[in-house]
Amino acid sequence: MNERDADVVVIGAGVAGLVAASDLVAAGREVVVLEARDRVGGRLLNTEIGGEPNELGGQWIAPYQSEMHALLAELGLESFHAYREGDSLYIDPAGELHRYAADTEPLPATAAADYARAVAKLDALCAELDPEAPWEHPLATELDGITFEQWLAAEVDDTLARDFLRSNMAGGYMTKPADSFSLLGAAATVAGAGSVANLFEPDLCLHSRIVGGSQLIPLRLAERLGDRVVV
Ligand SMILES: Cc1cc2nc3c(=O)[nH]c(=O)nc-3n(C[C@H](O)[C@H](O)[C@H](O)COP(=O)(O)OP(=O)(O)OC[C@H]3O[C@@H](n4cnc5c(N)ncnc54)[C@H](O)[C@@H]3O)c2cc1C
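Report follows, based on the coordinates.

About the cut-offs
- Residues numbered from 1 in each chain as written.
- Predicted model: local features only at pLDDT ≥ 70, side-chain atom pairs only at ≥ 80, totals over all residues.
- Heavy atoms only, no water.
- Patch = residues over 30% accessible without salt bridge, like charges linked within 9 Å, V, L, I, M, F, W, Y side chains within 5 Å.
- Areas by Shrake-Rupley, 256 points an atom, 1.4 Å probe, with all protein chains shown as cover.
- Salt bridge = Lys/Arg side-chain N within 4 Å of Asp/Glu carboxyl O.
- Helix = DSSP H or I, 4+ residues; strand = E, 2+ residues; numbered from the N terminus.
- Phe/Tyr/Trp six-rings, centres within 6.5 Å; stacked < 30°, edge-to-face > 60°.
- Buried < 20%, exposed > 50% of the residue type's maximum accessible area, 1.4 Å probe, protein only.
- Polar contact = N/O pair within 3.5 Å; in protein donor to acceptor, adjacent residues only side chain to side chain.
- Contact = heavy atoms within 4.5 Å.
- Pairing = 2+ DSSP bridges.
- Axes fitted to C-alpha atoms, helices over the stretch in contact; angles between N-to-C directions.
- Near = heavy atom within 4 Å.
- Nonpolar A, V, L, I, M, F, W, Y, C, P; charged D, E, K, R; others polar.
- Arc of directions from axis to C-beta.

To continue, consider a nonpolar patch on the surface. On the surface, L89, I91 and L97 cluster together into a nonpolar patch covering about 310 Å² of accessible area. Tracing the backbone shows I91 in strand β6 (residues 87-91).

Now the structure itself:
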């Protein structure tokens, strides 16, 4: 099959493209998936630490991500409860390393109060959003018109509180710089989880990982699609 004979050409062999292609094949369409890189998976990439499978990119699955759990079952993949023993580490803007228990924060009192205020503001905004349709919020255009970094600068005075929230939301959860996504994008993500705290809850967003590594999902999907996937 090449792109000239296909009913549909899917661009990109990440999970989204491969699932779309699988659905189209199931519906009886001729499909070709064209991937720019020399591998499938996009932001899912297996690696290895000490001979054990590990991942760069996406890896955690929440119990409520029912579509993903159904896909794992369909592909014959298993999940395991993510390992969460030990301390968390935070390197502040001055380069100082803070070691702290996962359910606490490493901030001094003033910064902690400012951090809590900012998180409460984000949680309040998220309570107003429908995570399935964040664009329907009456202020969606305005919220989408400022970056998370601009919101941090306007709303969080304390340098350490600002850096810690930036580290958690941008580095830790959105996995991209705070000036590369909007306040609406951040709020929609938090709204999906219910609250900022829930983003890091071991029994919610960070609940399970995949035996053998998350890239097995696109690898198995691509295997099933065979030569319809061109890398
Ligand atoms: C560090 C990190 C941690 C993450 N952690 C989690 C997590 O724990 N849980 C979770 O659910 N999500 C997590 N995510 C998010 C998750 O990985 C992504 O949402 C998901 O993998 C995106 O899949 P996708 O198919 O939409 O896009 P991608 O995986 O980005 O796939 C897009 C594909 O399209 C290809 N492509 C792009 N343009 C072209 C073109 N013009 N022609 C041909 N090919 C093209 C790209 O090379 C890529 O292979 C994380 C992401 C990162 C980066």
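One pass over the full model with this rule turns up six aromatic pairs. With 5.1 Å between their ring centres and 55° between their planes, Y115 and F164 make a pair best called tilted. Here Y115, found in helix α3 (residues 109-127), pairs with F164, found in helix α6 (residues 159-174); they are 49 residues apart in sequence, far enough to count as distant. With a centroid separation of 5.9 Å and an interplanar angle of 85°, the aromatic rings of Y173 and F200 are classed as edge-to-face. Here Y173 is found in helix α6, whereas its partner F200 is found in the loop between α8 (196-199) and β8 (208-210), with 27 residues between them in sequence. You can call Y173 partly exposed: its relative accessible area is 27%. By way of ring pairs, the aromatic residues Y90, Y100, Y115 and F164 are connected into one cluster.

Let us look at the side chain of H207. With respect to the helices, strands and loops of the structure, H207 is situated in the loop between α8 and β8. Looking at H207, its side chain comes within polar contact range of the side chain of H81, at 3.4 Å. With residues up to four places along the chain from it excluded, the contact list for H207 reads W60, I61, A62, P63, F80, H81, A82 and P202.

One pass over the full model with this rule turns up seven salt bridges. Between R117 and D114 there is a salt bridge, with the nearest N and O atoms lying 2.9 Å from each other. Of this pair, R117 and D114 both sit in helix α3, three residues apart, which is roughly one turn of that helix. In this structure, R166 and E149 form a salt bridge, with 2.9 Å as the shortest nitrogen-oxygen distance. You can see R166 sitting in helix α6 and its partner E149 sitting in helix α5 (residues 148-155), a full 17 residues away along the chain. Here R166 falls in the partly exposed class, since its relative accessible area comes to 24%.

What follows concerns the sheet that holds strand β2 (residues 31-34). If you walk across this open sheet you meet the three strands as β1-β2-β9, and the pairing is parallel. Edge strands, defined here as strands with exactly one partner in the open sheet, are β1 (8-11) and β9 (229-230). Here two bridges tie β2 to β9, and the two strands are oriented parallel to one another. Counterpart to L34 in the pairing with β9 is V230. Its contacts with the sheet put helix α1 (residues 15-26) on β1, β2 and β9, and the angle it makes with β2 is roughly 170°.

Turning our attention to the site of the ligand. Contacts to the ligand come from 18 residues, most closely from A16, E35, R37, R43 and W60. A distance of 3.1 Å is found between a nitrogen atom of the ligand and a backbone nitrogen or oxygen belonging to A36. Take R37: an N or O atom from its side chain is 3.0 Å from an oxygen atom of the ligand. Burial of the ligand by the protein chains amounts to 60% of its free accessible area of 1000 Å². By residue class, the composition of the shell around the ligand is seven nonpolar, eight polar and three charged.

Counting along an α-helix, one turn takes 3.6 residues, and residues three or four places apart therefore face a common direction. The set of residues buried in helix α2 (residues 66-75) consists of L71, L72 and L75. Seen end-on, α2 carries its buried residues on one side only, within an arc spanning 100°. What points out from α2, more than 90 degrees from its buried face, is the exposed set S66, A73 and E74. Its buried side turned inward, α2 meets α1, β5 (79-81), β8 and α9 (216-225). Once α2 finishes, G76 follows within two positions and takes phi at roughly 70°, a positive value.

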